[in-house]
Amino acid sequence: MIDILFFGRVADSLGKRRLAMALPPEGLSLFALRLRLFDGEDDGRLRMSVNQIVVTEDRPLHDGDEVAFFSVFSGG
């Protein structure tokens, strides 16, 4: 089971801030999870972290991981 957190505009567009998901027996990469959750509608500005570390999409997911999706923030 993994915990998935959504922040900012991502949470607003999905209408949820948290989701729990069981990993399939064959495993799942962060890229595959993104495709499942966003159905290819990512505009390239989506950022992801696993266990509070920003990672690349090829990162495999493991039971107990906490995955976060958030949009790029502009500084000020």
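Nothing here was measured: the structure is a model prediction, and the numbers come from that model. (Residues numbered from 1 in each chain as written. Predicted model: local features only at pLDDT ≥ 70, side-chain atom pairs only at ≥ 80, totals over all residues. Heavy atoms only, no water.)

A. Seen up close, the sheet that holds strand β4 (residues 53-54). With mixed pairing, five strands are arranged side by side in an open sheet as β2-β1-β5-β3-β4. Each of the sheet's edge strands pairs with one partner strand only, and the pair in question is β2 (18-21) and β4. Across four bridges, the pairing between strand β1 (residues 2-6) and β2 is antiparallel. Among the inter-strand pairings, L5 is bridged to a residue of β2, identified as R18. Here helix α2 (residues 30-38) sits on the sheet and contacts β1, β2, β3 (46-50) and β5 (66-71); the angle it forms with β5, its principal contact strand, is near 60°. (Pairing = 2+ DSSP bridges. Helix = DSSP H or I, 4+ residues; strand = E, 2+ residues; numbered from the N terminus. Contact = heavy atoms within 4.5 Å. Axes fitted to C-alpha atoms, helices over the stretch in contact; angles between N-to-C directions.)

B. Seen up close, unusual backbone geometry. Its identity as a non-glycine residue notwithstanding, N51 has a phi of 50°, on the positive side. For N51, the position within the fold is in the loop between β3 and β4. For Q52, which is not glycine, the phi torsion reads 70° and is therefore positive. Take Q52: it is sitting in the loop between β3 and β4. Q52 gets classed as exposed once you look at its relative accessible area, which sits at 70%. (Buried < 20%, exposed > 50% of the residue type's maximum accessible area, 1.4 Å probe, protein only.)

C. Quick look at the nonpolar core. I2, L30, L33, L61, V67 and F69 are the most contacted members of the largest nonpolar core, which has 17 residues in total. Listing elements by their share of this core, those giving two or more residues are β1, α1 (8-14), α2, β3 and β5. For L61, the residues in contact, after removing those within four places along its chain, are I2, L23, L28, S29, L30, L33, V50 and V67. (Core = buried A, V, L, I, M, F, W, Y, C linked by side-chain atoms within 4.5 Å.)

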